[in-house]
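Letter by letter, the chains look like this.
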Amino acid sequence: MRLTCRCRHSFPGVAQEPVHLEDGMQSRVGVGVHTTSFDSVLSITYCGDVTACYQLLLGALGSPEAGLESLRSRLRKTRWPVLPSAEAGVRGLAASTAKRFAAEWEHWLQQESGDGWGEHVDLGIGGIRVHVVRFRGSGRVPMLLLHGWPTSFLAFHRVIEPLQALASEIVLASLPGFSTSTLPHGAWSITDSARLLADAMSTMGHDRFVVHGQDWGSVVARVIGTVEADRVMGVHVSAGLSGFMAESADDEPAWSRLRTFAVDGGGYLQLQSRRPDSLAFALSDSPVGLLAWQLDKYQLWQGELGEDFGLGTDFILANATLYWLTASMGSSMRIYSMDAPDLDAAAAAVPTAVSVFGHGDFAARSVSARDNDLLAWYPHDGGGHVASLDSPAEFVGDLTDFINRIGADT
C-alpha cells in the first residue's frame, strides 16, 4: 500500500508537491493551533488569523478553495422557505436561527487558507479508506476518540491539548461514511466498523489502547472493547446509546428524559433509519438545508445551553462545511440503518466508564452496569450531548480519573 505525505507550509500561492512513502497511508501534516477565539455569534474580524476548527478542517481537506468558493456562491443564492409567522408556533428550527447561522457562515468562510492542525492520515485497510488525525502526547496510553452523528472529529478540538498530557497519542477517527472515510458498498454493520477501526489502530502501531465514544461512537467503542478485549484497556463513553441507554421506567431519571425526547424530536430517528437516501438528496444540494438539519438536532439535545447550544459557532460552521465539502450527509445517515452489533451484550467485559450529562444524555446506570463491566459512573447536572465541546473540563477530568483507575500503562 502507498503513503502520501503532504507537509503544508505557509507559503501563500506556492503549491507543495507530495512526498510518497510506501506504508499504506496518506498523511497531511499540519502545525500547532492558533488561539483565535470564535465563540461569539457575529461580527468577527479575522485579520489573517484562522480559528481552531478551520485549521483542523484544512488539515483534513488540504486545499479546498474551489469547493469553498462554490459553497459561498450557494449560500448567497439561498432560496428561503415561506413559513407561517412565529406567532403561529414553530415546528422545528426557527427561521431566524437558520438565517443567523447562515449569515455567520458566509462571514466565517472569509478566513484565509493556511496551515492545517494535526497529522491527518488516510489509512488504506482492505481497500477501505479510514481518515484519522494524530496528535502526539506526553502521557501513558494511546487514546482513540470516536464521534457521533451529526458531529465529526472536529467535536474534540477543545480537549486535544489537555488530553495530550494524559495520552501518548490521541487518534481522532472518522467513522465509515463520515468525512473522508469511505462506507463500503454492500452490507456493513457496526461490528464491521469496530473491527476496521481496531485494525486502524494496529496499522498505526498501537497494540493496546483506550477508546472513548460519544453518541454512535459509544456503540462502536463498546463493540471494539468486545471484539478486541485483549487490546482495549478501557472504554469510556458519553451520550451512550445501545448498551447504556435507558430501556424502561426502572431506569429513571434517564427514562423520562428519553420519553420526552422521543415525543418532541424523535421523528428524525425514524426518517434516517428507514428513508435516509431520500433525505440525502435535499441535504446534499442545499448547504442551508444541511446546516438547518444539523442545528435542529443541536437544539433538540441542548437548546438550553445558549445561542450556540454550548458547542461554539466555530465548530457548528466547520462541521457543516466538512459535511458539505465531502458530500457525506447521505453516507453518514446510513449508520441509523446499519445492523446492530451481532454480539452478546454480556460479552462486553473490559473496564468501562460512563459520563452522563444533564441534557440530551439518556444513559442509565442500571443498563450500563448490566451490559458492561462498569468501573466508574460520572454524573453531571449540566452539560449536554456533545460533552467534549459543551463540558470539556468535566470530560477531561472524567477521562483522567478513569485512566488512573484502570492503571493504564503501555
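Scroll up to find the structure this text is about.
Residues numbered from 1 in each chain as written. Predicted model: local features only at pLDDT ≥ 70, side-chain atom pairs only at ≥ 80, totals over all residues. Heavy atoms only, no water.

## A look at the overall build of the protein chain
Turning to step 1, where the next piece is worked out: In terms of helices and strands, the protein chain carries 15 helices and 11 strands.
Turning to step 2, where the next piece is worked out: Expressed as a percentage of the 410 residues in the protein chain, the buried residues total 55%.
Turning to step 3, where the next piece is worked out: Look at the contacts in the protein chain between residues 6 or more apart in sequence, and 75% of them connect residues 24 or more apart.
Turning to step 4, where the next piece is worked out: With an accessible surface of roughly 16,800 Å², the protein chain has 51% of that area assigned to carbon and sulfur atoms. (Helix = DSSP H or I, 4+ residues; strand = E, 2+ residues; numbered from the N terminus. Buried < 20%, exposed > 50% of the residue type's maximum accessible area, 1.4 Å probe, protein only. Contact = heavy atoms within 4.5 Å. Areas by Shrake-Rupley, 256 points an atom, 1.4 Å probe, with all protein chains shown as cover.)

## Here we look at helix α1 (residues 52-61)
Turning to step 1, where the next piece is worked out: Extensive coverage of α1 is indicated by the burial of 9 of its 10 residues.
Turning to step 2, where the next piece is worked out: Among all positions of α1, only A52, C53, Y54, Q55, L56, L57, L58, G59 and A60 are buried.
Turning to step 3, where the next piece is worked out: Where α1 ends, the next residue or the one after it, G62, has phi of about 75°, a positive value.

## Overview of the environment of Q299
Turning to step 1, where the next piece is worked out: Looking at the secondary structure, you find Q299 in helix α10 (residues 287-302).
Turning to step 2, where the next piece is worked out: Distance in space between the C-alpha atoms of Q299 and F309 is 6.6 Å, their sequence separation being 10 residues.
Turning to step 3, where the next piece is worked out: When near neighbours in sequence (up to four residues on either side) are disregarded, Q299 contacts G92, L93 and F309.

## With respect to the pairing of strand β8 (residues 209-214)
On a regular strand, one side chain projects to one face of the sheet and the next to the other, so that they alternate.
Turning to step 1, where the next piece is worked out: The buried fraction of β8 amounts to 6 of the 6 residues, a majority that puts the element mostly inside the structure.
Turning to step 2, where the next piece is worked out: Side chains of β8 alternate between two faces, with F209, V211 and G213 and V210, H212 and Q214 buried alike.
Turning to step 3, where the next piece is worked out: Where strand β6 (residues 141-146) lies against β8, 4 bridges are found, and the strand directions are parallel. Residue M143 lies in a different strand from β8, and its bridge partner there is V210. (Pairing = 2+ DSSP bridges.)

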